[in-house]
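Listed below, chain by chain, are the residues.
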Amino acid sequence: MTRSSPAERHWLIAAVAAGLVSAATLAAFAAFAQVRSGLPPSATYTFLASAVGGSALADGPAAVSIGVLVLLAGTILWGCGYVYAARKQPQLVSRPLLSGAGFGVIVWFVMQAVLVGAGHYSAPTIYTFDRDMVAFVLFFGIPLAVTAARLLRAK
């Protein structure tokens, strides 16, 4: 059994924290956007559950719980990816606003490809595109990058 060094744990803590912060900000924005559209705040989570497990999960009583877990797992994994990239590219830590905005756009494109593969893709309208760009840039990418940068600099 190998043990990780404190420096390795520091990167992991930064990645998980960045993922959790971005999950919280993205969830808050998603709830606001759903309510504004006349939908229940839980609609985002039932969509995430259906994207992972099909309509059987979306219609079940655990759909919201599964959707929350999918959101948390996804944002933490994206946080790990960002922190891994920041270890190789220090400008991701020194310029978190610009890096986070770009990362949010990249993640949006990747998630569109995932939705195509899962059979849940729908062509964006101007409203959904604008909403998604605000969500992924301002409420996902930038909070993730700023949190990661602060924790990585605090080392």
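Relevant structure appears above.
The structure presented is a predicted model; accordingly, all values stated were derived computationally and were not measured.

(A) Summary view of the environment of Phe-129. Relative to the helices and strands, Phe-129 resides in helix 7 (residues 126-153). With relative accessibility at 32%, the residue Phe-129 sits in the partly exposed group. Here the alpha-carbon distance between Phe-129 and Tyr-84, two residues 45 residues apart in the chain, equals 28 Å.

(B) Highlighting the nonpolar core. Core analysis: the biggest nonpolar cluster contains 29 residues, and Leu-71, Tyr-82, Val-83, Phe-140 and Leu-152 have the highest contact counts within it. Those elements that place two or more of their residues in this core are helix 1 (6-36), helix 2 (43-53), helix 4 (63-88), helix 5 (91-94), helix 6 (96-118) and helix 7.

(C) Main features of helix 2. Every buried residue belonging to helix 2 is among Ala-43, Thr-44, Tyr-45, Leu-48, Ala-49 and Ser-50, and all of these are buried. In the stretch just after helix 2, Gly-54 is the one whose phi turns positive, near 80°.

(D) Structural view of helix 6. An ideal rise of 1.5 Å per residue puts 33 Å on 23 residues; helix 6 measures up with 31 Å between its terminal C-alpha atoms. When we look at burial in helix 6, the residues that qualify are Pro-96, Ser-99, Gly-100, Ala-101, Phe-103, Gly-104, Val-107, Trp-108, Gln-112 and Leu-115. Buried residues belonging to helix 6 abut helix 2, helix 4, helix 5 and helix 7. Positioned one or two residues after helix 6, Gly-119 has a phi angle of 80°, which is positive.

(E) Fine view of the packing of helix 2 against helix 4. Interhelical geometry of helix 2 versus helix 4 gives an angle of 80° and a closest axis separation of 7 Å. Taken as axis vectors, helix 2 and helix 4 run roughly perpendicular relative to one another. Between helix 2, through Tyr-45, Thr-46, Leu-48, Ala-49 and Val-52, and helix 4, the contact on the second element is made entirely by Ala-63, Val-64, Ile-66, Gly-67, Val-68, Val-70 and Leu-71. Of the residues in the contact of helix 2 with helix 4, the class split is ten nonpolar, two polar and no charged.

The rules behind each value
- Here, residues in each chain are numbered from 1, in the same order as that chain's written sequence.
- For this predicted model, a pLDDT threshold of at least 70 governs which residues receive local features, and a threshold of 80 or more governs which side-chain atom pairs are given and counted, while totals over whole chains, interfaces and linings are taken from all residues.
- Excluding hydrogens and water, the side-chain figures rest on all heavy atoms present in the structure.
- Helix and strand definitions follow DSSP, with helices as H or I runs of at least four residues and strands as E runs of at least two, each counted in order from the N terminus.
- Only protein chains enter the accessibility calculation, which uses a 1.4 Å probe; a residue is then buried when its area is under 20% of its type maximum, exposed when over 50%, and partly exposed in between.
- Nonpolar cores are built from buried Ala, Val, Leu, Ile, Met, Phe, Trp, Tyr and Cys residues. Side-chain atoms within 4.5 Å join them into one set.
- One less than the residue count of a helix, multiplied by 1.5 Å, gives the span that helix is expected to have.
- Between two residues, a contact is recorded if the distance between any of their heavy atoms is within 4.5 Å.
- In this analysis, axes come from line fits to C-alpha atoms, helices being fitted only over the stretch in contact, and the angle between any two N-to-C directions falls in the range 0 to 180 degrees.
- Every angle not falling under 35 degrees, over 145, or within 65 to 115 is termed oblique; those three ranges are roughly parallel, roughly antiparallel and roughly perpendicular.
- Following the grouping adopted for this structure description, the nonpolar residues are Ala, Val, Leu, Ile, Met, Phe, Trp, Tyr, Cys and Pro, the charged ones are Asp, Glu, Lys and Arg, and the polar ones are all others, Gly among them.

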